[in-house]
Amino acid sequence: MSMPQNPTQPPSAPSATTDAVWGDSTTRIGVLLVNLGTPDGTDYWSMRRYLKEFLSDRRVIETNRVLWWFILNAVILTIRPGPKGRDYETIWNKERNEGPLLTITRAQAEKLAPRMAALDSRITVDFAMRYGNPSMASRITALEKAGCARILVVPLYPQYAAATTATVGDAAFDVLKTIRRQPALRIAPPWQDHPVYIEALASELERHLAALDFEPEVILASFHGIPKSYVDRGDPYPEHCRQTMRLLRKRMGMDENRLRLTFQSRFGKEEWLTPYTDETVKALGDSGVKRLAILTPGFVADCLETLEEIGGENREYFLEHGGEQFAAIPCLNDTPPRHGCSGSGGAAGTGRMDRPGPGGLSAQKTPQPVQKLRGISGINTHAGNRPTPHMGAGPEAAGALTCSAAEAGISAGGLGCGCAAGREAGRGLAGFGLMTFRTREITLACSFGDFSIVKCPMLVSSARS
C-alpha cells in the first residue's frame with residue numbers, strides 16, 4: 001500500500017477493520033518514520049509554538065522545572081522566535097511552504113512505501129514529527145484506525161540519545177494510553193554501527209569528494225551535541241558517535257587527523273560534548289588550513305542544523321579565519337539504492353547507495369554557478385551563499401531514504417527475525433534481538449536493504465531485546 005498523500009488524513013482502511021481478528025492475514029502492519037520536527041511557518045507565532053513544544057520536553061531540557069519554566073516563557077519564547085524564524089527563512093521550501101526536513105521526510109516515506117508494499121500489500125508506511133506536524137498522535141491513530149494491528153516506529157536517529165530516540169518512544173506510548181484497542185508497537189533501535197549505514201556514508205562521501213574541484217585538507221564529521229551532564233547520567237550517545245567514526249575512518253582509510261569528530265548546535269552556558277564544531281572550524285582556519293569539508297552523519301535529512309548552521313554559519317567562520325574553499329556534504333536524504341542494497345543474505349551488508357549528480361556543496365570566495373544540492377528535495381544552493389529553496393520541485397523531488405536510514409531502522413527494529421536459516425545482514429539479524437511481526441500465514445524477515453517474505457506458518461520466533 002502506498003502512503004497517503006496527505007499525512008493529516010488517515011490511510012484508507014478496510015471496511016471490516018473493526019471486525020478483523022488482530023493477528024490474522026487480513027490485518028495491516030504500520031511502519032512510522034519519525035524525525036525531530038519543523039515549525040509550521042517562519043512567522044513569530046509559528047516559531048513560538050514549535051519552540052515551546054520542543055523545549056518543554058523534559059528529555060530535551062533536564063533541569064529544574066520551575067526555573068526552566070521561567071527561563072523558557074519569560075526569555076526564550078519572547079526573544080528567540082523572531083531570529084530563529086529568519087534562520088528558517090533562509091532554507092524554507094517556499095513552493096511547498098514548509099521546512100526542508102518535512103519535505104525530505106515525506107519523500108523518504110513515499111519512496112519507501114512501494115518497496116514495502118511489494119513485500120505485502122498490508123504494509124502501510126507513514127511519517128510523523130516528534131514536534132510540530134504531522135504529529136505522532138495523529139499518525140499512530142490513523143494507522144490504528146486503518147487496521148494496523150502492529151506498528152513499527154522508526155526514530156530517524158542512527159545514534160541513540162535520550163533527547164531524540166527516547167522521547168519518540170515516550171510520545172508513542174503516550175498515544176497508546178488514549179487507545180482502547182491498542183496495536184502492538186515496537187521502537188526500532190539505533191543503527192550506528194551497521195555495515196550498510198557505514199557503507200552508505202562512505203559511498204556518498206567518496207562521491208561528493210570526487211566531484212569537488214579541490215581536495216579538502218581536513219574533513220569534519222559533525223554530530224549534534226548534547227550536554228556533558230546527560231552523558232554523566234548514562235546517555236550512550238557519544239560512544240555511538242565514536243563507533244560510527246571508527247568504522248567510517250576504517251572504511252575510508254583515513255586517520256583521526258584527516259577525518260575528525262566534532263559536535264555542533266550547543267546553546268547555553270553548560271558544557272557540551274567537545275570538541276565543538278564552530279571552534280574547530282575557526283581554529284583550522286587560524287592554523288592555515290585552506291580547504292575544508294564537513295559531513296553530518298547523525299542527520300538522515302538535511303535541516304536547519306546542516307543547511308544553515310553548517311552550510312551557512314560555519315562556512316562563514318572558515319572563510320573569515322583564513323579558509324578559502326569549503327564544502328558541506330549533503331546528508332543521505334533520499335539516496336536511492338542502486339547496486340547491492342537489494343541483494344540477499346550477507347551481501348546486504350555491503351550494498352552501495354549511489355546517487356547521481358555532482359557532489360558537495362562548494363563555497364569559495366569567487367562566485368560559482370548555481371547547482372542543485374544533491375539529495376534534497378526542492379533545495380538549490382549557490383556556492384557563495386547559503387542554501388536557498390528551489391522553486392521547481394517536481395515528481396523527482398519526492399525522494400526517499402530507501403536504503404540507508406529508514407531501512408536500517410526497520411531492519412534493526414521490528415519487521416525481522418532470523419526465520420530463514422543462515423540469513424543475515426552484516427553482523428546478522430540474530431545479533432539485533434529483533435521482534436517478528438508475524439501473522440498466521442507469513443513471517444516478515446527484513447534484513448538491512450533486503451526485504452523478503454518468508455513462508456513460515458508454523459514458526460514461533462522469540463522477541464528479544
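Note that the structure is a prediction, hence the values are computed from the model and not measured.

Conventions we followed
- Residues numbered from 1 in each chain as written.
- Predicted model: local features only at pLDDT ≥ 70, side-chain atom pairs only at ≥ 80, totals over all residues.
- Heavy atoms only, no water.
- Helix = DSSP H or I, 4+ residues; strand = E, 2+ residues; numbered from the N terminus.
- Contact = heavy atoms within 4.5 Å.
- Areas by Shrake-Rupley, 256 points an atom, 1.4 Å probe, with all protein chains shown as cover.
- 1 Å grid on protein atoms, 1.4 Å probe; cavity = no way out; pocket = protein on both sides within 12 Å on 5 of 7 lines; lining within 4 Å.
- Points joined across faces, edges and corners; volume = space filled by probe spheres on them.
- Nonpolar A, V, L, I, M, F, W, Y, C, P; charged D, E, K, R; others polar.
- Phe/Tyr/Trp six-rings, centres within 6.5 Å; stacked < 30°, edge-to-face > 60°.
- Buried < 20%, exposed > 50% of the residue type's maximum accessible area, 1.4 Å probe, protein only.
- Lys NZ or Arg CZ within 6 Å of the ring centre and 35° of its normal.
- Arc of directions from axis to C-beta.
- Pairing = 2+ DSSP bridges.
- pLDDT = per-residue confidence, 0-100.
- Axes fitted to C-alpha atoms, helices over the stretch in contact; angles between N-to-C directions.
- Parallel < 35°, antiparallel > 145°, perpendicular 65-115°, else oblique.
- Polar contact = N/O pair within 3.5 Å; in protein donor to acceptor, adjacent residues only side chain to side chain.
- Core = buried A, V, L, I, M, F, W, Y, C linked by side-chain atoms within 4.5 Å.

1. Focus on the overall build of the chain
When you go through the chain residue by residue, the secondary structure sums to twelve helices and 14 strands. Across the chain, contacts joining residues at least 24 apart in sequence account for 74% of those joining residues at least 6 apart. Accessible surface for the chain amounts to roughly 18,200 Å². Of this, 52% is attributable to carbon and sulfur atoms.

2. Observations concerning empty space enclosed by the protein
This model, assessed by the stated rule, comprises three cavities of 30 Å³ or more. The computed volume of the largest cavity comes to approximately 100 Å³. Looking at the largest cavity, it is lined by 13 residues, and the ones nearest its centre are Leu 201, Leu 295, Pro 330, Cys 331 and Leu 332. Among the residues forming the lining of the largest cavity, the class breakdown is eleven nonpolar, one polar and one charged.

3. What to know about the packing of aromatic side chains
Applying the stated criterion across every chain, the model contains seven aromatic pairs. Arranged with centres 6.3 Å apart and planes meeting at 80 degrees, the rings of Tyr 88 and Trp 92 form a pair that is edge-to-face. Since its relative accessible area comes to 3%, Trp 92 is described here as buried. Three or more aromatic residues joined by ring pairs form one cluster here, namely Tyr 50, Phe 54 and Tyr 131. Between the NZ or CZ atom of Arg 266 and the centre of the ring of Tyr 276, over which it lies, the distance is 3.8 Å.

4. As for helix α3 (residues 81–89)
For α3, the complete set of buried residues consists of Pro 81, Gly 85, Asp 87 and Tyr 88. Taken end-on, α3 shows its buried residues confined to a sector of 155 degrees, consistent with a single buried face. Of the surrounding secondary structure, the elements contacted by the buried residues of α3 are β1 (28–38), α1 (44–55), α2 (65–79) and α11 (304–320).

5. Re the pairing of β1
Buried residues dominate β1, accounting for eleven of its eleven residues. Direction of pairing for β1 relative to strand β3 (residues 148–155): parallel, over a ladder of seven bridges. By the bridge assignment for β3, Val 31 is matched with Leu 152. Sheet topology places β1 next to strand β2 (residues 123–132); nine bridges connect them, and they run parallel. Paired with Ile 29 across the bridge in β2 is Ile 123.

6. Points about the confidence of the model for the chain
For the chain, the average pLDDT comes to 76, and 67% of its residues sit at 70 or higher. Confidence drops under a pLDDT of 50 for residues 338–405, and excluding neighbours within four residues, the segment shows 234 contacts in the predicted structure.

7. Points about the packing of α1 against α3
Close contact between α1 and α3 brings their axes to 8 Å; oriented N to C, the two are set at 100 degrees. On the basis of their axis angle, the class for α1 and α3 is roughly perpendicular. Residues Tyr 44, Met 47, Arg 48, Tyr 50 and Leu 51 of α1 touch α3, and the partners they reach there are Pro 81, Gly 82, Lys 84, Gly 85 and Tyr 88. Along the lines of polarity and charge, the residues of the contact of α1 with α3 split into six nonpolar, two polar and two charged.

8. Description of the environment of Glu 279
Mapped onto the elements of the fold, Glu 279 is located in helix α10 (residues 277–286). Given the relative accessible area of 45%, Glu 279 is considered partly exposed. Sequence separation between Glu 279 and Gln 264 is 15 residues, and the spatial gap between their C-alpha atoms is 9.5 Å. Side-chain polar atoms of Glu 279 contact the side chain of Arg 266, separated by 3.3 Å.

9. Observations regarding the sheet that holds β1
Taking strand neighbours across the sheet as the criterion, the four strands line up as β2-β1-β3-β4 in an open arrangement whose pairing is parallel. Strand pairing shows two members of the sheet lacking a second neighbour, β2 and β4 (184–187), which therefore form its edges. For this sheet the average axis-to-axis angle between neighbouring strands, irrespective of direction, equals 25 degrees. For β3 and β4, the ladder comprises four bridges, and the chain directions are parallel. Across the sheet, residue Arg 150 finds its bridge partner in β4, namely Ala 184. Contacts from helix α5 (residues 136–145) reach β1, β2, β3 and β4 within the one sheet, and its direction differs from that of β2 by about 160 degrees. Across the sheet, helix α6 (residues 162–176) touches β1, β2, β3 and β4, and the angle it forms with β4 is around 175 degrees.

10. Considering the nonpolar core
Residues Leu 33, Val 125, Phe 223, Tyr 237, Leu 259 and Leu 295 are the most contacted members of the largest nonpolar core, which totals 55 residues. Val 60, Tyr 88, Ile 151 and Ala 171 belong to the second largest nonpolar core, which has 35 residues in total.

11. A look at the side chain of Arg 122
Residue position: Arg 122 is located in the loop between α4 (100–117) and β2. For Arg 122, the side chain forms a polar contact with the side chain of Asp 120, separated by 2.4 Å.

12. Considering unusual backbone geometry
Residues Asn 133 and Pro 134 are joined by a peptide bond in cis, for which omega reads -5 degrees. Residue position: Pro 134 is located in the loop between β2 and α5. Here Thr 274 and Pro 275 are connected by a cis peptide whose omega angle stands at 5 degrees. For Pro 275, the location among the structural elements is in the loop between β6 (259–264) and α10. In this model, Asn 333 sits at a positive phi of 50 degrees, which is unusual for a non-glycine residue. Turning to its location among the elements, Asn 333 is positioned in the loop between β8 (325–328) and β9 (361–364). Overall, Asn 333 belongs to the buried group, its relative accessible area being 0%.

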